[in-house]
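The chain contents come next:
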Amino acid sequence: MTEQTAARPKKPAPILADYPHQVTEILRYGDMDPQGHVNNAVFATYFESGRVAMFRDPDLGIGVPNATFVLVRQEIDFLRELRWPGTVVVGTALAEFGRSSFIVTQALFREEECTAAGRATLVMMDTTTRRARPLPPEIVAKLSQWKYRG
């Protein structure tokens, strides 16, 4: 350990209550890798399920005519192993807004213990031109109800 890393304060673990949108995912036997834990690529699938569940919620109503939201960046910090069988809760929240994009923060919890945390950047794209479009203020307002609470 270097002097610089020793002096760096440890980041607090995410807390489930900080994520206003939550869904439960079942850990499948097929999610495991030869080491006997859930494969790292499957964590991205769990995060995707959390985002889709939030964005497809009919009460949210963030559909924009001739536009769609596309993932342009994703980062994941793996904090603990996940092993089959069981479930995991995917917490999802909005972290920040840009001109045509927004950042989603997410975390996976097993029995209140955070096993992974991540961020994803989504851009609103025009379905005809395939280029980024500015987020309408009403969409930002609707998404703001899901702001990160931490």
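Heads up: these notes are all about the structure in this document.

Scoring rules and cut-offs
- Residues numbered from 1 in each chain as written.
- Predicted model: local features only at pLDDT ≥ 70, side-chain atom pairs only at ≥ 80, totals over all residues.
- Heavy atoms only, no water.
- Helix = DSSP H or I, 4+ residues; strand = E, 2+ residues; numbered from the N terminus.
- Expected span 1.5 Å × (residues − 1).
- Buried < 20%, exposed > 50% of the residue type's maximum accessible area, 1.4 Å probe, protein only.
- Contact = heavy atoms within 4.5 Å.
- Polar contact = N/O pair within 3.5 Å; in protein donor to acceptor, adjacent residues only side chain to side chain.
- Pairing = 2+ DSSP bridges.
- Axes fitted to C-alpha atoms, helices over the stretch in contact; angles between N-to-C directions.

Between Trp-84 and Pro-85 the backbone carries a cis peptide bond, its omega angle lying at 0 degrees. Mapped onto the elements of the fold, Pro-85 is located in the loop between strand S2 (67-78) and strand S3 (86-97).

Here the focus is helix H2 (residues 40-55). With 16 residues, H2 extends 24 Å from end C-alpha to end C-alpha; this agrees with the ideal 22 Å at 1.5 Å per step. Within the span of H2, buried status applies to Val-42, Phe-43, Tyr-46, Phe-47, Gly-50, Arg-51, Met-54 and Phe-55. On the buried face of H2, the contacting elements are strand S1 (21-27), S2, S3, strand S4 (101-110), strand S5 (113-126) and helix H3 (137-144). For H2, the side-chain oxygen to backbone nitrogen distance between the N-cap and Ala-41 is 2.8 Å, and the N-cap itself is Asn-39.

This paragraph deals with the sheet that holds S5. Within the open sheet, the five strands sit side by side as S1-S3-S4-S5-S2. Their pairing is antiparallel. With partners counted over all chains shown, the strands left at the sheet margins are S1 and S2, one partner each. The sheet shows a mean angle of 25 degrees between the axes of neighbouring strands, taken without regard to direction. In the packing of H3 onto the sheet, the strands contacted are S2, S3 and S4, and the crossing angle to S3 comes to about 140 degrees.

Let's shift gears to the pairing of S4. Of all ten residues in S4, nine are buried, a share of seventy percent or more. In terms of strand pairing, S3 meets S4 through eight bridges, oriented antiparallel. Note on S4: the bridge partner recorded for Val-90 is Leu-108. Taken together, S3 and the strand that follows it, S4, pair antiparallel across an intervening segment of three residues. Sheet topology places S4 next to S5; ten bridges connect them, and they run antiparallel. Along S5, the bridge assignment pairs Thr-105 with Arg-119.

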